[in-house]
Amino acid sequence: MFDNFPLWPIRASAGAGNIDALYIFLVALSALMCVAIFAMIVVFATMYRRRRGVEAEQIEGSSALEITWSIIPLGIFMIIFLWGAVIYFHERTPPRGAAEVYVVAKQWMWKLEHEEGQREINELHVPVGRDVKLIMTSQDVIHSFYIPAFRIKQDVLPGRYTTAWFRATKPGTYHLFCSQYCGTMHSGMIGQVVVMEPAQYQAWLAGGTTTGSLAASGDSLFQQLGCSTCHRSDTQGRGPNLVGIFGRPVHLEDGRTVIADENYIRQCILSPGTNVPSGFKPIMPVFQGLVGEEQLTALVAYIKSLNPSPSGAASGTGTQNP
Amino acid sequence: MATAAITTERDNYLNHEYGIRSWLLTTDHKRIALLYLASITFFFFVGGFFALLIRLELLTPAGDLVLADTYNKLFTMHGQVMIFFFLIPSIPAVLGNFLVPLMVGAKDLAFPRINLLSWYLYIIAGVIYVICIVTGGVDTGWTFYTPFSTAFSNTKVIEAGIAIFIVGFSSILTGLNFVVTIHRMRAPGMTWSRLPLFIWAMYATSIIQLLGTPVLAITLLLVVFERAFNLGIFDPTRGGDPLLFQHLFWFYSHPAVYIMILPAMAVESEVVACFTRKRIFGYNFVAMSSIAIAVFGFLVWAHHMFVAGISLYSALVFSILSYLVAVPSAIKVFNWTATMYKGSISFDTPMLYAFGFIGLFTMGGLTGLFLACLGIDVHVHDTYFVIAHFHYIMVGGAVMGYLGGMHFWWPKISGRMYPEGWGRLAALLVFVGFNLTFFPQFILGYMGMPRRYWQYPPEFQVLNVLSTAGSTILAVGYVLPMIYFLWSMRYGKLADDNPWGAAGLEWKTSSPPPTFNFDEEPVVTWEAYNYEEIPAPLAEVPVEQ
């Protein structure tokens, strides 16, 4: 109806409906409150407009009324809070077994890489009905990955991974925006998400040329950088055995226990000295400045692929700063 | 109807001394208020000019009026000028400076020379910022987010940072002066429970200025150090943490919203009481809600960071605390509305602004509930929804409050009446223009249009055109008062001491007041807002018989 003048964003993900429902509730509640307050003002302004010989009646106030109009809004606010918190919790907890897409943002483009090895720039192809988890980092400033049709947004930070997830429900092409101001061409850092039927998606996957899966390129990088000389798949290595380590708690030399999530692995590669697991010596060389973001994601994907079953723990937002 | 003719002009703070020296070296809080008035008006129109260019650029989806870099500087400098050089000093430094001593029955503020110093700091900062603008400007967004501001921007970040660092001290000194004055300089009989609600809100504002602004100063200094001396504080490649900056920045900048809105609430309480001729309904609740806002306002900063990468659980805490700070704001709206019940309401310009304030602040407050709601914020964060929300609070709320207050106290400040008809017209234009400018932005935001976009997809155009159209009406509404206020200083009808029949000590001295405010020290024996004892003014406009 409104081709050039849409008033409601397209809804194309499993989570979008919940957010729209809460939004509609809030709009209705706000409209009701506005109408109530504006109506009172209009009625009072009309009934009690100044007339000669009519004095205002002095009223001190009423504690009962004050308490009423404090407690009732507070109760309503708590309902809104809980409703919003449930949605947020769901939004921030990627389901197990989601397909993973690694995102590297830079001024002013999005580079995306699928587990199967397909690389895309400013475009993301996904099938309908599959959970997709985004593992994102930035090469320079803070960006933000925003797909209005899916109602998801997550800032993308340099120096750590942040995650988001969605399940597309409707084939089509949707906007991908950078929503955190990032410099000159911030408004040009846009792209599209193409949601396809599974069969079409398989055809698209087969059509692309890749150099093998992301984990496979991570594997060759792992050999190339010499990681495999210490991180052996038995207990004889000078470094910890990495098989099955992802998603597990690790006891560190300094007494802390951390979950080996994407950020932990990343930190261990870049500055190993701050994260030494107990029982090992801080002998690993620092790779800060030697491996780029895209090589890092390949290494992380490789280490995750060493887990026997599909990756264990959902790693939450995984944004804690170590 | 003519007011009592005054043949020979009384000695007052305006004619007490003449000459540029008598202004630039004054320690009279009323003259310093006027110095601030002139300075912030200049910056208001600078910031407004940037805003108009932004709206003109957004008239079409393509980036075609200015370059992308220019656009980024425009919205950055619009924000910084309006927030740090207009809104934060607006009501406190102009109306607060003028009225706090008068309202508590004092001769001046506690530290008159520090008061003058605060204006000079403002001017030094203003000059540095103007130099920053004319030598190329700054493009970091008013928020200075790192590492963009410290490692990537090629613009005058250090100059802007230093200017805002200095202007912060002018704000701290004003706050300090008010706190001490309110504690120590109240006239005999002016107990805490007899203070006008203006003073209560100004007190709460001053507390935030005193406690919050130093954190901003430190944060900006760290940005300058990281940029100039390569310290690694916020930049992850140098071992820093970019989220640390956001925590520090919002620790001040969220309470700063209350520095802007509490003074507007302060004005509303006085105006609503006067034009309904009633004591404010629930005086204690309105007074305490100001304090509650100041206290809770410090505990909600991370609601600006729900998608920034903070932990799930801290997001839950900051969301629930944000709802708590909404309660005292709601209390105020309900109490102003209830004050009208069985009042004797007249519709002079200040009251029209008060109606506008209540309406727009209500809408701004209610849309704040959307943003405090975690599930919704993820979608609308950093979109035009946020832009619309905070303009409803900061323009619909704070600027409406400021303009309403300027009209209300103009007779006291200048000794002249502004033209009432023009005043009402301007109030109407501001209200209509404001809504046309900013309401479409709520829809744009939910549609998904990100903020700070120089170019945008074509489906967003119609709403942007409406918004730009509204901004031109708004501009006319803002230029009009400046013209007729200036006009009235020479040609306006002479004002009585108390033209509105208002309660409050400031109306018990002459208009304009003498240099030391009161001929003899007032002794207060009555409660605030004793409107039953004050006759309503002879109406300018016909009143129904």
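This is a predicted model, so every value here is computed, not measured.

### A word on the overall build of chain B
When helices and strands are tallied, chain B shows 15 helices and zero strands. Over its C-alpha atoms chain B spans a radius of gyration of 23 Å, differing by no more than 12% from the 24 Å that the globule rule assigns to 545 residues. Projecting the C-alpha coordinates of chain B onto the three principal axes gives extents of approximately 70 × 50 × 45 Å. Taking all 545 residues of chain B together, 63% fall into the buried category. Taking the intrachain contacts of chain B between residues at least 6 apart in sequence as the baseline, contacts between residues at least 24 apart amount to 85%.

### Let's talk about the overall build of chain A
Across its full length, chain A carries six helices and 12 strands. Counting over 322 residues, chain A shows a buried share of 37%. For chain A, contacts bridging at least 24 residues in sequence account for 68% of all contacts bridging at least 6.

### What about the pairing of strand S6 (residues 143-147) of chain A?
Residues and elements named next belong to chain A. Extensive coverage of S6 is indicated by the burial of five of its five residues. The alternating pattern of S6 places His143, Phe145 and Ile147 and Ser144 and Tyr146 on opposite faces, both of which are buried. The sheet contact formed by S6 and strand S7 (residues 152-156) spans five bridges and is antiparallel. By the bridge assignment for S7, Tyr146 is matched with Lys153. Between S6 and S7, which follow one another and run antiparallel, lie four residues, and Arg151 among them has a positive phi close to 60°. Across two bridges, the pairing between S6 and strand S9 (residues 172-178) is antiparallel. Each residue of the ladder has a partner; that of Tyr146, found in S9, is Phe177.

### A word on the sheet that holds strand S2 (residues 109-114) of chain A
Residues and elements named next belong to chain A. Pairing is mixed in the open sheet, where five strands are placed in the order S3-S2-S1-S5-S8. In this open sheet, the two strands that pair with only one neighbour each are strand S3 (119-121) and strand S8 (162-167). Strand-to-strand twist in this sheet, taken as the mean axis angle between neighbours without regard to direction, amounts to 25°. Of the strand pairs in this sheet, S2 and S3 are connected by three bridges, and their pairing is antiparallel. The residue bridging Leu112 from the neighbouring strand is Glu120, located in S3.

### Regarding the nonpolar core
Grouped together as the largest cluster of nonpolar side chains are 266 residues, with contacts concentrated most on Val103 of chain A together with Ile199, Ala264 and Ala266 of chain B. The two domains that each donate at least three residues to this core are domain 1 (9-43 + 63-210) and domain 2 (214-305) of chain A. Aside from chain neighbours lying at most four places away, what touches Val103 of chain A is Trp110, Leu112, Leu134, Ile135, Met136, Phe145 and Val156 of chain A.

### Points about unusual backbone geometry
Glycine aside, residues mostly have negative phi, and peptide bonds are mostly found in the trans state. Cis geometry is adopted by the peptide bond preceding Trp108 of chain A, which originates at Gln107 of chain A and carries an omega value of -10°. Here Trp108 of chain A lies in the loop between strand S1 (99-106) and S2. Cis geometry is adopted by the peptide bond preceding Pro512 of chain B, which originates at Ser511 of chain B and carries an omega value of -15°. Within the secondary structure layout, Pro512 of chain B lies in the segment after helix H15 (461-491). Phi is positive for Asn517 of chain B, close to 75°, though the residue is something other than glycine.

### A word on the interface of chain A and chain B
The interface of chain A with chain B comprises 79 residues on the first partner and 78 residues on the second. Breaking the side of chain A that touches chain B down by element, the ones donating at least two residues are helix H1 (16-47), helix H2 (63-91), S6, S7 and S9 of chain A. For the side of chain A that touches chain B, the leading source of residues is H2 of chain A, giving 16 residues. Of the residues assigned to the side of chain A that touches chain B, the class counts are 43 nonpolar, 22 polar and 14 charged.

### Comments concerning the packing of H1 of chain A against H2 of chain A
Residues and elements named next belong to chain A. The interhelical angle for the contact between H1 and H2, taken along N-to-C directions, is 165°, at an axis separation of 10 Å. Relative to H2, the element H1 is oriented roughly antiparallel. Classified by chirality, the crossing of H2 by H1 is left-handed. Residues Asn18, Ile19, Leu22 and Leu26 of H1 form the contact with H2, whose own contacting residues are Ile80, Trp83, Gly84 and Ile87. In the contact of H1 with H2, the residues fall into six nonpolar, two polar and no charged.

### Notes on the domain arrangement of chain A
Residue and element names in this part refer to chain A. Per the domain assignment, the segments making up chain A are domain 1 (9-43 + 63-210) and domain 2 (214-305). Computed over C-alpha atoms, the centres of domain 1 and domain 2 are 31 Å apart. Taken residue by residue, the interface counts 10 residues in domain 1 and eight residues in domain 2. Only S1 and strand S5 (131-138) provide two or more residues apiece to the side of domain 1 that touches domain 2. For the side of domain 1 that touches domain 2, the residue count by class is four nonpolar, three polar and three charged.

### Here's the deal with the sheet that holds S6 of chain A
Residue and element names in this part refer to chain A. Taken together, the five strands give an open sheet; going across it, the order is S4-S10-S9-S6-S7, and neighbouring strands pair in mixed fashion. Single-partner strands in this sheet number two, and they are strand S4 (123-127) and S7. Geometrically, the sheet is characterised by an average inter-axis angle of 20° between neighbouring strands, direction not taken into account. Against the sheet, helix H3 (residues 198-207) makes contact with S4 and strand S10 (191-196), and its axis sits at roughly 130° relative to S4, the strand it touches most.

### Side note on the pairing of S10 of chain A
Residue and element names in this part refer to chain A. The alternating pattern of S10 places Gly191, Val193 and Val195 on a buried face and Gln192, Val194 and Met196 on a face that is not buried. One ladder, built from five bridges, connects S4 with S10; its direction is parallel. Note on S10: the bridge partner recorded for His125 is Val194. Sheet topology places S9 next to S10; five bridges connect them, and they run antiparallel. Paired with Tyr174 across the bridge in S10 is Val193.

### Examining helix H4 (residues 214-224) of chain A
Taken together, the buried positions of H4 of chain A are Leu214, Ala215, Ser217, Gly218 and Asp219 of chain A. Phi turns positive, to about 80°, at Gly226 of chain A, one or two residues after H4 of chain A.

### What to know about the packing of helix H8 (residues 242-276) of chain B against helix H9 (residues 283-296) of chain B
All names here are of chain B. Running from N to C, H8 and H9 cross one another at 175°; their axes reach a closest spacing of 11 Å. When the axis of H8 is compared with that of H9, the two are roughly antiparallel. Between H8, through Tyr258, Leu262, Met265 and Ser269, and H9, the contact on the second element is made entirely by Val286, Ser290, Ile293 and Ala294.

The rules behind each value
Residues numbered from 1 in each chain as written. Chains lettered and ligands numbered in written order. Predicted model: local features only at pLDDT ≥ 70, side-chain atom pairs only at ≥ 80, totals over all residues. Helix = DSSP H or I, 4+ residues; strand = E, 2+ residues; numbered from the N terminus. Rg over C-alpha atoms; globule rule 2.2 N^0.38 Å. Buried ≥ 20, exposed ≤ 12 C-beta atoms within 10 Å, placed from the backbone. Contact = placed C-beta atoms within 7 Å. Pairing = 2+ DSSP bridges. Axes fitted to C-alpha atoms, helices over the stretch in contact; angles between N-to-C directions. Core = buried A, V, L, I, M, F, W, Y, C linked by C-beta atoms within 7 Å. Domains from an automatic or database assignment. Nonpolar A, V, L, I, M, F, W, Y, C, P; charged D, E, K, R; others polar. Parallel < 35°, antiparallel > 145°, perpendicular 65-115°, else oblique. Left-handed = near helix turned anticlockwise from the far one by under 90°.

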